[in-house]
Amino acid sequence: MLNRLSLAAALLIATVSFASAQTHGHGEKGPKGGPMQDVAGVHAELLVADKTLTVHVYDEGGKPVPVAGFSGSALVGGGQSRQVIQLKPGSDNTLSGTASTAIAKGTPVTLQLKGADGKTGQAKF
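What you see is a predicted model, and the numbers here were worked out from it, not measured in a lab. (Residues numbered from 1 in each chain as written. Predicted model: local features only at pLDDT ≥ 70, side-chain atom pairs only at ≥ 80, totals over all residues. Heavy atoms only, no water.)

K.L.:
Whenever I open this one, the pairing of strand E8 (residues 109-114) confuses me. Can you help?
P.N.:
Side chains on a regular strand alternate between the two faces of the sheet. Examined bridge by bridge, strand E5 (residues 71-76) and E8 share 6 bridges and lie antiparallel to one another. Each bridged residue has a counterpart across the sheet, and for Val 76 the counterpart in E8 is Val 109. With 5 bridges joining them, E8 and strand E9 (residues 120-124) adopt antiparallel strand pairing. The residue bridging Leu 111 from the neighbouring strand is Ala 123, located in E9. Connecting the antiparallel pair E8 and E9 is a turn made up of 5 residues, with Gly 118 showing a positive phi of about 90°. (Pairing = 2+ DSSP bridges. Helix = DSSP H or I, 4+ residues; strand = E, 2+ residues; numbered from the N terminus.)

K.L.:
Would you mind going over the sheet that holds strand E3 (residues 42-49) with me for this structure?
P.N.:
Strand pairing in a sheet takes place through backbone hydrogen bonds and is either antiparallel or parallel in direction. Spatial ordering of the open sheet is given by E1-E2-E3-E4-E7-E6-E5-E8-E9, a layout of 9 strands whose pairing is antiparallel. Pairing within the sheet leaves two strands with one partner each, and these edge strands are strand E1 (28-29) and E9. Of the pairings in the sheet, the one linking E3 to strand E4 (residues 52-58) comprises 7 bridges and is antiparallel in character. By the bridge assignment for E4, His 43 is matched with Tyr 58.

K.L.:
Please clarify how the environment of Lys 88 should be interpreted in this entry.
P.N.:
Looking at the element boundaries, Lys 88 is found in strand E6 (residues 83-89). In this structure the C-alpha to C-alpha distance between Lys 88 and Val 67, which are 21 residues apart in sequence, comes to 9.1 Å. With residues up to four places along the chain from it excluded, the contact list for Lys 88 reads Thr 94, Leu 95 and Ser 96. (Contact = heavy atoms within 4.5 Å.)

By themselves these figures say nothing about function.
Listed below in structure tokens is the structure:
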């Protein structure tokens, strides 16, 4: 009886942990193939191409969120080589900005977003 109860409790904990990981998007790949993190009540997918940094914004269900009224910035790199990129709303669900130099693959990025509802947040990529 105790073994069955222990097994049931372990399965319940594993199921809740798995469901939580699935709904929060930590470390997952987004629809465009970039890393995705929760920030300011939305899911933000980060894409970097040469000097351009683009953030695609989605809701909990994976649907694009219009970014009218959003603002943000990204701290790219570290130490002496860090730079701040201001992000501006683009078309549909994207915010983007341009760095002064090319952004190397694997460069750390700290994203700060402010949603249209005033909610703010930060995520590290």
